[in-house]
There are 2 protein chains.
Amino acid sequence: MGLMALHIDAHAQQWIDLSHSFDNKTIYWPTAEGFELDIVAQGQTKGGYYYSANKFMSSEHGGTHLDAPIHFAEGKHTVDQIPLSRLIGAASVIDVSAKALQNPDYQITIRDIKDWETIHGKLANNIILLFNTGYARYWPDRKKYMGTDKRGKEAVALLHFPGISPETAQWLITHRKIAAIGLDTPSLDYGQTKRFLTHRLLAKEQIPGFENVTNLDKLPPTGIQVIVLPMKIKGGSGGPLRIIARINADMP
Amino acid sequence: MGLMALHIDAHAQQWIDLSHSFDNKTIYWPTAEGFELDIVAQGQTKGGYYYSANKFMSSEHGGTHLDAPIHFAEGKHTVDQIPLSRLIGAASVIDVSAKALQNPDYQITIRDIKDWETIHGKLANNIILLFNTGYARYWPDRKKYMGTDKRGKEAVALLHFPGISPETAQWLITHRKIAAIGLDTPSLDYGQTKRFLTHRLLAKEQIPGFENVTNLDKLPPTGIQVIVLPMKIKGGSGGPLRIIARINADMP
């Protein structure tokens, strides 16, 4: 509501970008190669006009990105196979930042969802469920955002950031019907996970995950439309995505 | 209208994907490095669960992709700077396939637009303008799609595919107000261009371009909503994009 009042040009500003940019500061998993942009051309050409072009390298799982179900479940959807109906639609935002900012090993609980539902009503069927942990404020400071700025296999044990508990994931699968799930930390599972159970449970049910989302604090708990379009990598286990949201509008 | 009648699940199928997938057959400019997916992990882990992850390399300008204004105009918008208002909204499709499929050097004319307007009315302000040349049917056959399957600098002179004439670009800038422009060939300028004038004229006006779009033959001339979300490459001159459309719906 406050946001709407700020709008001078409603058409131009009605969409809020929930995506981080990709650059050499973009955060990836400690074992993954990061984003790298190589300039191919930049400047005046012999033809007398300006020309700029680049190439880039990226791991699928870094920055604001998608986890396709196949990332953790054999035979399930690859990026290009995910139906658009799971990527576009109504969203709800559950703010767990008061707890998550106090505890870098916080795992979102069933109670967090039930408390939210007490106020805002039962999560709608086919909802895109987003959790605001508050961690987007630490981006791109790796140490604050994920607990370590070290790289390589030995750094994985040093990861500390909030995630979704496996019990919560299982409860959502059993008792609710979500289209997709996302949050503003590096992973659906918390940093200290060893078994990635939350990923595995959701992937098995064909539920895509969105990680390293930002600007969730700019959204109300309900009345949001979200559009999530990942790069269409054939056979991909994930990839860069652009996620945008609009408040108080009809279904896109 | 015919499309709508086919829908069994309206929610799931209402969006049409106008994007090609990225794989090792994806078409890039003859001088550009193509898409390359490297498998990082695939299969059962020691932890007893399945895990799949990849990394990839891509030039910005290949596959279904964005031309940011800075691609051909110094100081103009990079990918991450393009306002979402230019990427989301009402679209019109002008079918020039009857002429373009007869002439691989076809350049879309002012007359093509005026003829369309005689039937469908003047192009609306802030419209996303899409041209259907029919060339998507040739994807991913490089020889048919772009006139040559050769690579490297010497192949550029062998390029033959339709584009938008510079006169048409200038007329659109002077007499209409388009938000963005796209088509189903490798480039806004036709294959035989030497000066890329169409690119330069549009870029100078901050008008983004969408190239190698597909499925435009599935859309009616008007009454379309389009969403175009490019990978958010900071400072990028372009990049992979996902473009989707919906027929006969309210503005998203």
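Residues numbered from 1 in each chain as written. Chains lettered and ligands numbered in written order. Predicted model: local features only at pLDDT ≥ 70, side-chain atom pairs only at ≥ 80, totals over all residues. Heavy atoms only, no water.

Caption draft 1: Spatial organisation of the overall build of chain A. From N to C terminus, chain A includes seven helices and twelve strands. Expected size for 252 residues packed as a compact globule is a radius of gyration near 18 Å; at 19 Å, chain A falls within 12% of this value. Principal-axis analysis of the C-alpha atoms gives chain A an extent of 65 × 50 × 35 Å. Residue pairs in contact within chain A that sit at least 24 positions apart in sequence constitute 75% of those at least 6 positions apart. Of the roughly 10200 Å² of accessible surface on chain A, a fraction of 50% belongs to carbon and sulfur atoms. Here chain A holds 27 positive side-chain charges and 25 negative ones, and the gap between their average locations is 2 Å. (Helix = DSSP H or I, 4+ residues; strand = E, 2+ residues; numbered from the N terminus. Rg over C-alpha atoms; globule rule 2.2 N^0.38 Å. Contact = heavy atoms within 4.5 Å. Areas by Shrake-Rupley, 256 points an atom, 1.4 Å probe, with all protein chains shown as cover. Lys, Arg positive; Asp, Glu negative; His and termini not counted. Charge placed at Lys NZ, Arg CZ, Asp CG, Glu CD.)

Caption draft 2: View of the side chain of S165 of chain B. Residue and element names in this part refer to chain B. Examined against the element boundaries, S165 turns out to sit in the loop between β8 (163-164) and α6 (166-175). In terms of polar contacts, S165 uses its side chain to reach the side chain of T168, at 2.8 Å. Excluding residues that lie within four positions of it along the chain, S165 makes contacts with Q107, I108 and T198. (Polar contact = N/O pair within 3.5 Å; in protein donor to acceptor, adjacent residues only side chain to side chain.)

Caption draft 3: Here's a closer look at the interface of chain A and chain B. If you look at the interface, chain A gives 57 residues, while chain B gives 57 residues. Roughly 5200 Å² is buried in total at the junction of chain A and chain B, and carbon and sulfur atoms are behind 61% of that figure. Of all residues in chain A, F56, K232 and R242 of chain A give up the largest surface area on contact with chain B, accounting jointly for 15% of the area buried on that side. There are four salt bridges connecting chain A and chain B. Residue K232 of chain A pairs with D17 of chain B through a salt bridge whose shortest N-O separation is 3.0 Å. Between chain A and chain B we count 20 residue pairs in polar contact (both at pLDDT 80 or more) in total. (Buried area = accessible area lost by both parts, 1.4 Å probe. Salt bridge = Lys/Arg side-chain N within 4 Å of Asp/Glu carboxyl O.)

Caption draft 4: Highlighting the pattern of salt bridges. A complete count under the given rule lists twelve salt bridges over all chains for this structure. With a closest N to O distance of 2.3 Å, K55 of chain B and E33 of chain A form a salt bridge. Of the two residues, K55 of chain B is situated in strand β3 (residues 50-59) and E33 of chain A in the loop between β1 (15-17) and β2 (36-44); the pairing between them involves two chains. Taking the relative accessible area as the measure of exposure, E33 of chain A reaches 41% and is therefore partly exposed. (Buried < 20%, exposed > 50% of the residue type's maximum accessible area, 1.4 Å probe, protein only.)

Caption draft 5: Spatial organisation of the sheet that holds strand β2 (residues 36-44) of chain B. Pairing is antiparallel across the open sheet formed by four strands, whose spatial order is β2(A)-β3(A)-β3(B)-β2(B). The two strands at the open ends of the sheet, each matched to only one other strand, are β2 of chain A together with β2 of chain B. Within this sheet the neighbouring strands show an average axis-to-axis angle of 5°, counted without direction. Both β2 of chain A and strand β3 (residues 50-59) of chain A contribute to a ladder of eight bridges, which runs antiparallel. Considered in β3 of chain A, the bridge of L37 of chain A is made with F56 of chain A. (Pairing = 2+ DSSP bridges. Axes fitted to C-alpha atoms, helices over the stretch in contact; angles between N-to-C directions.)

Caption draft 6: Structural context of the confidence of the model for chain A. Residue and element names in this part refer to chain A. Per-residue pLDDT for chain A averages 94, and the proportion of residues at 70 or more is 93%. Scored below 50 in pLDDT, residues 1-13 makes ten contacts in the model with residues more than four places away or belonging to other chains. In the predicted assembly, ipTM is 0.94 and pTM is 0.94. (pLDDT = per-residue confidence, 0-100.)

Caption draft 7: Spotlight on the pairing of strand β12 (residues 238-247) of chain A. Residue and element names in this part refer to chain A. Within β12, ten of the ten residues are buried, which leaves the element mostly enclosed by the surrounding structure. In this structure, β1 lies alongside β12, joined through three bridges in antiparallel fashion. Among the inter-strand pairings, W15 is bridged to a residue of β12, identified as R246. Relative to β12, strand β4 (residues 65-67) runs antiparallel, the two sharing three bridges. Among the inter-strand pairings, H65 is bridged to a residue of β12, identified as P240. Where strand β11 (residues 224-230) and β12 come together, seven bridges link them in antiparallel fashion. The residue of β12 that forms the bridge with V226 is A245.

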